[in-house]
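One letter stands for each residue in the lines below.
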Amino acid sequence: MAHNILANPTYKDEIDYAPFHFMSGDWAWQQADTISQDPETHGSALIPIILGSDKTTVSVGTGNNEYYPLYASIGNVRNNVRRAHRDALVIIGFLAIPKTDKMHSKDDLFRIFRRQLFHSSLSAILSSLKPVMTEYEVMRCGDGHFRRVIYSLGPYIADYDEQLVLSCIVKHWCPKCIAVRTNLDGDATYRTREFTDFLINELHADVLWDEFGLIGDLVPFTNDFPRADIHELLSFDLLHQLIKGAFKDHLVDWVAKYLKAMHGTKRSEEIMSDIDRRVAAVPSFSGRDFKQWTGDDSKALMKVFLPAIEGHVPQDMVRAFRALLEFCYLVRRNVITEDTLIQIQDALGRFHRYRTIFENVVPTFSLPRQHSMVHYVDMIRLFGAPNGLCSLITESKHIKAIKEPWRWSNRHNALGQMLVTNQRLDKLAASRADFDARGMLTGTILSKRKRAQTVAALAHEVAVPDLQRLIRYFLFSQLNPDDARNPEDIPAASLPRHEGKLQVFNSAAATFYAPSDLSGIGGMRREHIRACPLWRNEYPCNDCVFINTDSDAEGMRGLEVARVICFFSFKHNWEVYPCALIQWFEKIGDCPDEDTGMWMVAPSFHEDGSRNLAVIHIETVFRAAHLIAIYGSEYIPHSLKFYHSLDTFGSFYVNKYADHHAFEIAS
């Protein structure tokens, strides 16, 4: 696995052979220092082996078929490559799932056997690495150079239940520190391999269990390898600790409990139904529709839940959600600086302060998944940005590598068929890359809907009679960039005219870097902005966008929000002008809302009640913006559809939680 990734020329520009990116964390530097101190390994490139395992069920109704895949990657590959699942994360084995009858399933001896088998299996699978952890080998890398490399066990990607098994810790305790399970957020030192071994040698098993949360009968697999401490190597888990844990399973459920305690069952159900309708009424964002509140899509719910509950819950509850969401989006950044770490710590402090609003409906805040948040700053310093070490990666890999191949099998001795399917999928992926490089996959056989080809026809199509005048204003600004006069003040006879044809487009693509990643370390983001009169043959889709108005100002102070009516281009004096017809939105206030942390905007109108429209150059469009209505405390109609929201409500939040790029832009 490691040889194939290192030798793959596809990754030659996206692999770091010295501490950088993930390798920029303190852990990689500490490992490199240790290696350099040994004359036999001095000068060797460190290759950390990143592991991940997660039991997954492929069938419940036909036998409860489960598989236990073990994934691996190398830490030298950059986070954006590992997240993209470009064969930088591969299956290296399937772990055994021992079973017994119900009589013995809860037997202590069977539980210990099952857990120790897990560790022994990992040790056996990784045993081939042990010799090259202390003596280097020479490898030909993807860039054509030969290097001396030495391996080391790196971070392990796992959810909380898996972390307990890996670290041999009792449930409800923290696998990273020795905090007492009844007060997890109290001051506590970190667990270490040396300290754990000392406790096991000195204390009785009952004392280990009750006072330190340790299972003394188990030996972790990392004890078989040099420079490996399982407590240190357990990585972040954005999915289960933050998205599904602190947000969905905790705060969202606590809101329902709070409403029931305060208003009774009937009234709370009415409020929850209205919250559900508010979520369903959220406009689509860059082609993604938030139509339904589903427990499986916690990430989508995070983006829209805060405005949906405002008006139905107390102010401190809204602020608790805001603090948690800001924490989540800050730790998901590709590049994290010391200033970001200060912001993360501040968001965590505010979350702990405002979550006390739930104390009447929650028996304890000593919850392992919420407690894990206190370790994020230290772990970021240790391993770098968390988004490349998250179980989201292994969960996504499950679908392509386990679940779909199982469905395509005949269910009899399916494992062998699944392995063959994975092999064939790898070959198809390689073929597709080759076909794409040869230009064999361009074009389409689908017919296109005809759009207007003249200014008059487009003006009629979009119901903007003044389109010709707006185009003349636009041309004057383009042809006279140094003229400070407002085009509306210029005599009509002096304005340039366009009488020729134009071409209308249903969408435009925006490509940009995140503000925290201006050098492009994490890769560019590309998204489509739609201005389509009939999207999916159901409804018009006119996305909102951020417009650059002041490149020197920071965030929203240098941006305006607008809604795209249509994209078009035309040729004037042999020069092509790509344009967008937009309606401006105006900001409400000069700072974000104090409770939600989001800017507020409203559609802009002239004094006569007509829409404030403009034609702008497409290069002034930064990226798509997502707006959510300010619902207030009133219930919304049952008949309201999400594609009516932008035309129905009078004011909106600029949703900075739409994605972590928007979080940086609209904060």
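Here, the structure is the one placed above.
Residues numbered from 1 in each chain as written. Predicted model: local features only at pLDDT ≥ 70, side-chain atom pairs only at ≥ 80, totals over all residues. Heavy atoms only, no water.

1. Considerations on the nonpolar core
Threshold: In this description, a nonpolar core means a group of buried Ala, Val, Leu, Ile, Met, Phe, Trp, Tyr and Cys residues linked to one another through side-chain atoms lying within 4.5 Å. Only protein chains enter the area calculation, which uses a 1.4 Å probe; residues under 20% of their type maximum are buried, those over 50% are exposed, and those in between are partly exposed. Two residues qualify as a contact provided that any one of their heavy atoms is within 4.5 Å of a heavy atom in the partner residue.
One finds Y151, F221, F321 and F358 to be the most contacted residues of the largest nonpolar core, which totals 128 residues. Excluding anything up to four places from it in sequence, F221 contacts L51, H119, L122, S123, L126, L153, Y156, L166 and I230. With 26 residues, the next largest nonpolar core counts L467, V504, C566 and L581 among its residues.

2. Digging into unusual backbone geometry
To keep things clear, this is the line we draw: Helix and strand labels come from DSSP, where a helix needs a run of H or I of at least four residues and a strand needs a run of E of at least two; each type is numbered from the N terminus.
In the Ramachandran plot, R411 falls in the positive-phi region, its phi being about 75 degrees despite a non-glycine side chain. Residue classification places R411 among the partly exposed residues on the basis of a relative accessible area of 46%. Of note, W574 is a non-glycine position whose phi angle comes to about 70 degrees, a positive value. Its place among the elements puts W574 in the loop between β13 (559-572) and β14 (575-587).

3. Some details on the packing of helix α12 (residues 338-354) against helix α14 (residues 376-383)
For any two helices packed against each other, the geometry is given by the interaxial angle and the distance between the axes. So the rule is basically this: Here an angle of 0 to 180 degrees is reported between the N-to-C directions of two axes, which are lines fitted to C-alpha atoms, with helices fitted over the stretch in contact. Roughly parallel means an angle under 35 degrees; roughly antiparallel, over 145; roughly perpendicular, 65 to 115; everything else is oblique. Less than a right angle of anticlockwise turn of the near helix away from the far helix marks a crossing as left-handed, whereas a clockwise turn marks it as right-handed. Lys, Arg, Asp and Glu make up the charged group, whereas Ala, Val, Leu, Ile, Met, Phe, Trp, Tyr, Cys and Pro make up the nonpolar group; the residues left over, Gly among them, are polar.
For the pair α12 and α14, interaxial distance at closest approach is 10 Å and the crossing angle is 160 degrees. Put simply, α12 runs roughly antiparallel to α14. Judged by the twist between their axes, the crossing of α12 over α14 is right-handed. Residues E338, L341, I344 and Q345 of α12 form the contact with α14, whose participating residues are V377, I380 and R381. For the contact of α12 with α14, a count of residues per class yields four nonpolar, one polar and two charged.

4. A few points about the pattern of salt bridges
The condition that has to hold: The term salt bridge refers to a pairing of a side-chain nitrogen on Lys or Arg with a carboxyl oxygen on Asp or Glu at a separation within 4 Å.
Under the definition given, this model contains 23 salt bridges. A salt bridge links R333 to E664; its shortest N-O distance comes to 3.8 Å. Of the two residues, R333 is situated in the loop between α11 (315-331) and α12 and E664 in helix α20 (residues 660-665); the sequence distance between them amounts to 331 residues. Accessibility classification places R333 together with E664 in one group, the buried group. Within this structure, R322, E326, D346, R350 and K656 form a network of salt bridges that share partners.

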